[in-house]
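Chain by chain, the residues:
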Amino acid sequence: MNCFYKAYCRIYQTGFKIALPVLPYRKPNLITGIDNLVYMLKKKHIKSVLIVTDSAIRGFGITKPLENLLKENKIHCLVYDKTVANPTDRNVEEARELYIRGKCKAIIGFGGGSSMDCAKAVGARIAKPRQSVAQMEGLLKVHKKLPMLIAIPTTAGTGSETTLAAVITNEKTRHKYPINDFCLIPRYAVMDARSTLSLPKHITAETGMDALTHAVEAFIGRSTTKETEKDAINAVKLIFKNIFTAYEHGDNLKARHNMLKAAYMAGNAFTRSYVGYVHAVAHTLGGKYNVPHGLANAVLLPYVLEAYGESAHKRLHRLAIEIGISTPDESHREGAVKFIEAVKDMKKRLNIPDTIKGIIEEDIPELAAHAAKEGNPLYPVPKLMDKYELMQFYYDVME
């Protein structure tokens, strides 16, 4: 990357950091349990809602208790359950039509990040019916009040219940549209660990490492605040203490609750402090090959941390100290190496591979160009990289 573009990126990022205190960030109102959610809906006289979820979540019966509670309390409920792993513009339009047909007054994103992202985009399309999802790509392109948006995470990883971001994939071109606006932050987030008890082990692993990626990338970036640093550190500590229990003993309610809490904190951290090149590359893999986002992040994380080199050593050393695997006496490099090794060990214990199937070498230049466009100048990464440097990550993880 040439020195002039590097300077532009850093000036751009500094401007955002200076503006952080005055930007309208907010945290969603937390609700514990679906019973209290229904009570809130009744109190606000909401008589019809749309649940946006996927076929697996509904097929496992995870949405059934909420559907029954809504029916018992005479709240009409429509369910859109066709959301795919990387939600498409078609998903958004189908769910939007259902919302309008049912004269709904609230949208509930029920599931992982895909369902919540789809719900956010549905809200955006309702708020701005004359604009397509593609026209809302980027920063602050929605800027209108959404219908009441509620998020119920069933995976402890994406942090979508706290964020201002949604990522939607063009069904035909497979290009991903990141949409970022403050109005996309859900009004309410429902924490109910019971909804995560039936998660398969591989989903527990991938989404848990997704949350770790959010926290780490937010912490090592150059736009941290005291609040986001605290949230990121607490999230990392909770994940290292609970992810193996949640993975091996999925019925452990305490571990599941702590992982939800970690995902929420990590979401709060990266909403304000942003992510880095792990996400930029992972988004292209999801868009092109439909690789689950959590899996892509988990596979890429140690490769990208190593590539940041000395620029990330001090921050990674701090995280190593916080989780008890390093001491202040060690050099920043020693501490950083220990943290990266701990991430690699986590991947191994959670049966997450080091490579991703299906990457086609001829696609890499285009994918890297998309990743560079997403990451630069927005992401305040420790070390700036251009598309040619980002290409190496695709080769690193290609089978």
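These remarks concern the structure in this document. (Residues numbered from 1 in each chain as written. Predicted model: local features only at pLDDT ≥ 70, side-chain atom pairs only at ≥ 80, totals over all residues. Heavy atoms only, no water.)

This part takes up helix α5 (residues 89-101). Between its first and last C-alpha, α5 extends 18 Å over 13 residues, near the 18 Å set by a 1.5 Å rise per residue. Regarding α5, the residues found buried are Asn 91, Val 92, Ala 95, Arg 96, Leu 98 and Tyr 99. Down the axis of α5, the sector holding all buried residues measures 160°, keeping them to one side. Looking at the buried residues of α5, the elements they touch are β2 (48-52), β3 (76-80), β4 (106-111), α6 (113-127) and β7 (165-169). Positive phi shows up at Lys 103, right after α5, with a value of about 50°. (Helix = DSSP H or I, 4+ residues; strand = E, 2+ residues; numbered from the N terminus. Expected span 1.5 Å × (residues − 1). Buried < 20%, exposed > 50% of the residue type's maximum accessible area, 1.4 Å probe, protein only. Arc of directions from axis to C-beta. Contact = heavy atoms within 4.5 Å.)

As a further point, take unusual backbone geometry. Cis geometry is adopted by the peptide bond preceding Pro 377, which originates at Asn 376 and carries an omega value of 5°. Along the polypeptide, Pro 377 turns up in the loop between α14 (364-375) and α15 (387-397). The backbone of Lys 74 shows a phi angle near 60°, a positive value even though the residue is not glycine. Mapping Lys 74 onto the fold places it in the loop between α4 (64-72) and β3. A residue is classified by how much of its surface remains accessible, and Lys 74, at 73% relative accessible area, is exposed. A positive phi is found at Arg 174, a non-glycine position, where the angle reads about 70°.

The next thing to look at is the sheet that holds β7. Strands belonging to one sheet form pairs held by backbone hydrogen bonds; the direction of such a pair is parallel or antiparallel. Read across the open sheet, the three strands follow the order β5-β8-β7; overall the sheet is mixed. Of all strands in the sheet, those with a lone pairing partner are β5 (138-139) and β7, marking the two edges. As judged from the five bridges shared by β7 and strand β8 (residues 176-180), these two strands associate in the antiparallel manner. Bridging across to β8, Ala 165 finds its partner in Asn 180. (Pairing = 2+ DSSP bridges.)

Below, the discussion takes up the sheet that holds strand β9 (residues 188-191). The strand order β1-β9-β6-β4-β2-β3 describes an open sheet built from six strands, whose pairing is parallel. Edge positions in the sheet fall to β1 (29-32) and β3, since each has one partner strand and no second. Sheet twist, expressed as the average angle between the axes of neighbouring strands with direction ignored, equals 25°. With four bridges connecting them, β1 and β9 associate as parallel partners. Counterpart to Asn 29 in the pairing with β9 is Tyr 188. Running over the sheet, helix α2 (residues 34-43) touches β1, β2, β4, β6 (148-153) and β9 and is turned about 175° from β6. Where α6 meets the sheet, its contacts fall on β2, β4 and β6, and the angle it forms with β4 comes to roughly 165°. (Axes fitted to C-alpha atoms, helices over the stretch in contact; angles between N-to-C directions.)

By the definition in use, this model includes 18 salt bridges. The salt bridge partner of Lys 344 is Glu 306, with a shortest N-O separation of 2.8 Å. Remark: Glu 306 occurs in helix α11 (residues 293-308) and Lys 344 occurs in helix α13 (residues 332-349); sequence separation between them is 38 residues. Lys 344 is the partner of Glu 341 in a salt bridge, and the nearest nitrogen-oxygen pair spans 3.5 Å. Placement of the pair is Glu 341 and Lys 344 together in helix α13, with a separation of three residues, close to one helical turn. Among the residues examined, Glu 341 registers a relative accessible area of 42% and is labelled partly exposed. The class of Lys 344 is partly exposed, set by a relative accessible area of 32%. Members of the salt-bridge network, linked through shared partners, are Lys 27, Glu 227, Asp 231 and Arg 272. (Salt bridge = Lys/Arg side-chain N within 4 Å of Asp/Glu carboxyl O.)

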